[in-house]
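# Fold and contact review
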Amino acid sequence: MKPSYKVIASFLLLTLCYSSCLFATESTEQSTEIEELARQFKTDLDDALDLAESILAKDTTNAETWYWKGRIHGQMASRNFLTALSHAAKSESAFQQAVKLKPDDLKYLRALSRFYITAPAIAGGNIGLSLIHI
């Protein structure tokens, strides 16, 4: 059975989109800050959040920092019941901002969709919204 031209064209288009995401360039300073943010995320969420805020104070158009801010708030929401709703709202907002800045980036779309799937409805979860971003 031969694959149809539509299947081959779809595969080539996905490959092209994926490779263009891989070769996107960032400045060296932004790259270093993001690497430090990722390290801080693993060790101390409060320090990571402070670093994300300082990066965003310099440049609010950095989608990668918004993505990390969303992850940080998501982790904070899962670790502290008393502040979970506040952190969940901030996580959703940060992921939405990342998607707004780079609407074609699958990483950011997937993060927002994952938020909508995993968060309880009271914290902003919504299966219907997750399908829009997949």
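Presented here is a report on the structure given in the accompanying data block. (Residues numbered from 1 in each chain as written. Predicted model: local features only at pLDDT ≥ 70, side-chain atom pairs only at ≥ 80, totals over all residues. Heavy atoms only, no water.)

## Description of the nonpolar core
With 31 residues, the main nonpolar core has Leu-37, Tyr-67, Trp-68 and Ile-72 as its most contacted residues. With 7 residues, helix 4 (residues 63-79) is the single largest residue contributor to this core. (Core = buried A, V, L, I, M, F, W, Y, C linked by side-chain atoms within 4.5 Å. Buried < 20%, exposed > 50% of the residue type's maximum accessible area, 1.4 Å probe, protein only. Helix = DSSP H or I, 4+ residues; strand = E, 2+ residues; numbered from the N terminus.)

## Concerning the pattern of salt bridges
Two side chains that carry opposite charge are able to pair once their charged atoms sit near each other. All chains considered together, the criterion is met by 4 salt bridges. A salt bridge links Glu-36 to Arg-39; its shortest N-O distance comes to 3.0 Å. Separated by 3 residues within a single helix, Glu-36 and Arg-39 lie in helix 2 (residues 28-43), roughly one turn from each other. Judged by relative accessible area, Glu-36 falls into the partly exposed class, the value being 27%. The partner of Glu-53 in a salt bridge is Lys-69, with the nearest N and O atoms 2.8 Å apart. Here Glu-53, found in helix 3 (residues 45-58), pairs with Lys-69, found in helix 4; they are 16 residues apart in sequence, far enough to count as distant. Classification of Lys-69 as buried rests on a relative accessible area of 13%. (Salt bridge = Lys/Arg side-chain N within 4 Å of Asp/Glu carboxyl O.)

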